[in-house]
Amino acid sequence: MDKILEAVVTSSYPASVKQGLVRRVLEAARQPLEREQCLALLALGARLYVSGAEELPRRVGCQLLHVAGRHHPEVFAEFFSARRVLRLLQGGAGPPGARALACVQLGLQLLPEGPAADEVFALLRREVLRTVCERPGPAVCAQVARLLARHPRCVPDGPHRLLFCQQLVRCLGRFRCPAEGEEGAVEFLEQAQQVSGLLAQLWRAQPAAILPCLKELFAVISCTEEEPPSSALASVVQHLPLELMDGVVRNLSNDDSVTDSQMLTAISRMIDWVSWPLGKNIDKWIIALLKGLAAVKKFSILIEVSLAKIEKVFSKLLYPIVRGAALSVLKYMLLTFQHSHEAFHLLLPHIPPMVASLVKEDSNSGTSCLEQLAELVHCMVFRFPGFPDLYEPVMEAIKDLHVPNEDRIKQLLGQDAWTSQKSELAGFYPRLMAKSDTGKIGLINLGNTCYVNSILQALFMASDFRHCVLRLTENNSQPLMTKLQWLLAFLEHSQRPAISPENFLSASWTPWFSPGTQQDCSEYLKYLLDRLHEEEKTGTRICQKLKQSSSPSPPEEPPGPSPTSVEKMFGGKIVTRIRCLHCLNVSSREEAFTDLSLAFPPTERCRRRRLGSVMLPAEAVGVRDPPSPSQAQGPSRGGPRRQRKQCVTGDAPAALLDIESLGPQGPQGPQGPQGPGGQSSGEEKAESEKAAEAAAAAREEERPREQEQDEKEKPAAAAAEEEKAEKEVETATEKEEDGAGPGTPGGAAGEGSRSVLDLVNYFLSPERLTAENRYYCEPCASLQDAEKAVELSQGPRYLILTLLRFSFDLRSMRRRKILDDVSIPLLLRLPLAGGRGQAYDLCSVVVHSGVSSESGHYYCYAREGAARPAPSLGAADRPEPENQWYLFNDTRVSFSSFESVSNVTSFFPKDTAYVLFYRQRPGEGPEAEPSSPRGRAEPTLHKDLMEAISKDNILYLQEQEKEARSRAAYISALPASPHWGRGFDEDKDEDEGSPGGCSPAGGSGGDFHRLVF
């Protein structure tokens, strides 16, 4: 019968004929059979079930075993002996096949209890251990799992059970998906789930096996000598009890036998498990391990793994089945990576397309992910401000999504920050990276020193000043100027992407500044210029005395003091006039300045007086109304928050108040005999404190009572300005929290908007001294009402304007910020005394990002502020063609444009222009130098400085080569990147590794920090 059945099954008859014959044979097998006939049928059934090439033979074999086992149990027990089972399992080379194991499982279901069954189970306990030790594939391991789940008596016992669990872990690490396509992937996932389910079953029976299995798991994923393990190991994590998490992570992170390389490899591979679709709690274990590494301050591992894997994690947001875990890991990685913006900037190219994909998906999961992603982006932009060019596309992509308030952002940033990152990460300087494509060099942030870096870059881009400093001779008596010379020389000629200004910062440190805290860049600039000015004056006097003492001839009359470099470049003169309204006597004094501090005019005044109208009675002045700013400057900015402004060129008419003769100026130039700038103007109420202090001594000698009166008038005026500025700040802050755009109170960006021209004219506007601020008139010998005004008698080569954005809030006892947007003209005509005017071109803008002077971040837009040929006749009021603008943000330097400068506050309400540098147009000043073909050539450096730069460049190249070799060896040992993620590597940000926000590690790594100034 067995031979007839085998011949039929293997014949070429139609399937219907074969099935009919098989039914007859099975019916006959249910009847009593001879022992030899029954054994022959069982052998045929086992052979067909294990070796059948098609589905029909395998099904026939299974049916034969079932029929014989149920109707002939004694013969089946004799057939399914331990010897037969061993023959099935060891029938070929290597581990047994899945069908052999399935046949054994079927036999165990039919095997009656008894000594023979006990012998078979004892054999299987040894054989399944041997099988998993031979590292079978997913199908065999899954069949072993099904066998042991159905028959627990086959599980190895005693010490072999722990070994069996550990070997199952290693088997999972060797799994590879055998088939392509969705069906193959689904089958592979099911097989891995069955094996991990067996492990969970064994752990529940023997909890002591969990920790040894975890050690085995870590050994597999941390090994760098073998090929990367399978992501199927992720299926094990879902079965680990969460109550073990803290203890496991603590022991692992404190284990001295685990090297940093092993830990980095292990955590990198665990993060790849986020793509495992059926795993639970994977994100919890990854985050717990990252927290454990932060607790033991292994920041180098955290930095490496974050930068290596964050793009891969982000890419998994595309897949709904793994989106939850990927988003959890992404949020933790970004919110903890707060020492540098580098990780966030790696994602910037990918965020807009990701947002578009999630919007197109239109699912609940996608909508939730969008909201959380937008919140995360706002947190990162808040934490690392100062990159408008990079952030603009991202902010445009999420403009329709919810904007979290500042409290929520601070809560998110504070809850996951790495412990003690400021002190521990101070040594992490920018990573290995190439010099910027701009050819410019950045400055490393040494811990909230962005205020220094932005000022130094602005001074560097003031080409005339830079050339003046670089021409300094080697032997001089100006130590601070010498340090500045070295710093500027390296910024010009070094091959490094960024250098550290540590030595120069130490030498120029403002005594009342607290180290490591944010400071006012304008205050630092004033202190620095004063130091340089006084140092040069002192050095000049010492040189003159030494020259006189060494000369044998009689001492000659000492020459008059020559202007210092600071005076030549930044020095101007201002005349203050006070006219008694009783006797009409006018007193005046002239004093020097290096910068003008421009207060914000009250909103009412800004609306009533545009472009310098001084609000004198019309019959007393006899001038016609000036054009509105909308006529002079084009359309005002208004409407939605992100609407772009027109680039302000500043070719509106300038304004001037001449006390002796008042006259108008039309929109296109002088009107009447006054010449350019002949319109009336005056002074601001909150004049620069530095200029007032510089004049105090002279006023004391000349007019003691006048000084006393001035001292009385300033507090009252300042208090009035403070109150108005405070209201403006509060209104702007409320608008910002409500999602409104920046600008003036009430949101009227057109009528109440301000420009630099408004602030200059308000600075020059007259002030009435009345009531308790009356002026003591010497001819009258009494206090009298008076009118006080200022005029600029001489403009500097570089005009520095500081917008007084910070006012003191008496309620909070802190300096608050005026967030009003101010239009910045590319060309500014500065009115001078006598009806004259000078044209200035914008060359640098230092931007403050934040809402307080004690916090935030500074960065700088700049272009070369070098001499250009004098403009042709009639072209003085037209801006020159725009030069290339750059954005300096600590170590990061990138190309920019004047459009970005003009619109930075439109897109980022907290980013406002603070300090402006203008350069006098050639041929317009009294000491203007004629342009020459070599006007832009860098001066020749002295020998020691040239040698120092050359040696450092050679050292840097050696460092680059060494670093490249070590990184190549290190990368070759890292696990290979998953195939699905390669697309995210092809479109990296060109500024990868670029620096960022104001922090101790405000760069992105590398060894170039060894050179400091």
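Below, the structure is looked at part by part. (Residues numbered from 1 in each chain as written. Predicted model: local features only at pLDDT ≥ 70, side-chain atom pairs only at ≥ 80, totals over all residues. Heavy atoms only, no water.)

1. Focus on the state of the cysteines
By definition, a disulfide is the covalent link that joins the sulfur atoms of two cysteine residues.
(1) Moving on: Applying the stated criterion across every chain yields a total of zero disulfides.
(2) Moving on: The thiol of cysteine 213 is not disulfide-bonded; the next cysteine sulfur, from cysteine 165, is found 4.6 Å away.
(3) Moving on: Cysteine cysteine 583 shares no disulfide, and the gap to the nearest cysteine sulfur, in cysteine 780, comes to 3.5 Å.
(4) Moving on: We classify cysteine 583 as partly exposed; its relative accessible area is 32%. (Disulfide = S-S within 2.5 Å. Buried < 20%, exposed > 50% of the residue type's maximum accessible area, 1.4 Å probe, protein only.)

2. What about the nonpolar core?
Considering soluble globular proteins, one finds that nonpolar side chains tend to be buried as a cluster.
(1) Moving on: Ranked by internal contacts, the top residues of the largest apolar core, which has 140 residues, are Leu108, Phe164, Leu330 and Tyr391.
(2) Moving on: The residues contacting tyrosine 391, other than those within four sequence positions of it, are Phe344, His345, Leu348, Met380, Val381, Phe384, Pro385 and Phe908.
(3) Moving on: With 54 residues, the next largest nonpolar core counts Leu456, Ala458, Leu505 and Cys843 among its residues. (Core = buried A, V, L, I, M, F, W, Y, C linked by side-chain atoms within 4.5 Å. Contact = heavy atoms within 4.5 Å.)

3. Here we look at the pairing of strand E21 (residues 892–896)
(1) Moving on: Counting buried residues in E21 gives four out of five residues, a clear majority hidden from the surface.
(2) Moving on: One ladder, built from five bridges, connects strand E20 (residues 885–889) with E21; its direction is antiparallel. Across the sheet, the residue bridging to tryptophan 885 is serine 896, located in E21. (Helix = DSSP H or I, 4+ residues; strand = E, 2+ residues; numbered from the N terminus. Pairing = 2+ DSSP bridges.)

4. Details of the environment of isoleucine 824
(1) Moving on: Structurally, isoleucine 824 is set in the loop between strand E16 (822–823) and strand E17 (827–831).
(2) Moving on: Given the relative accessible area of 6%, isoleucine 824 is considered buried.
(3) Moving on: Measuring from C-alpha to C-alpha, the distance between isoleucine 824 and alanine 913 comes to 8.4 Å, with 89 residues separating the pair along the chain.

5. Concerning the pattern of salt bridges
(1) Moving on: Throughout the structure, instances matching the rule amount to 28 salt bridges.
(2) Moving on: Arginine 466 is the partner of glutamate 864 in a salt bridge, and the nearest nitrogen-oxygen pair spans 3.6 Å. With glutamate 864 in the loop between strand E19 (857–862) and E20 and arginine 466 in helix H26 (residues 463–470), this pair connects stretches of sequence that are 398 residues apart. Side by side, glutamate 864 and arginine 466 carry an identical accessibility label, which is buried.
(3) Moving on: Salt bridges linked by common partners bring Lys440, Arg466, Glu492 and Glu864 together as one network. (Salt bridge = Lys/Arg side-chain N within 4 Å of Asp/Glu carboxyl O.)

6. Observations concerning the environment of glutamine 920
(1) Moving on: Examined against the element boundaries, glutamine 920 turns out to sit in strand E22 (residues 911–920).
(2) Moving on: By relative accessible area, which is 7% here, glutamine 920 ends up buried.
(3) Moving on: Once the C-alpha coordinates of glutamine 920 and tyrosine 798 are considered, the two residues, 122 residues apart in sequence, prove to be 6.1 Å apart.
(4) Moving on: Of note is the side chain of glutamine 920, whose polar atom sits 3.2 Å from the backbone oxygen of proline 796. (Polar contact = N/O pair within 3.5 Å; in protein donor to acceptor, adjacent residues only side chain to side chain.)

7. A closer look at the pairing of strand E13 (residues 798–803)
(1) Moving on: Most of E13 sits out of view: six of its six residues are buried.
(2) Moving on: Pairing of strand E5 (residues 596–598) with E13, which is carried by three bridges, proceeds in the parallel orientation. Across the sheet, residue leucine 598 finds its bridge partner in E13, namely leucine 803.
(3) Moving on: As paired elements, E13 and E22 share five bridges and run antiparallel to each other. Among the inter-strand pairings, isoleucine 800 is bridged to a residue of E22, identified as phenylalanine 917.

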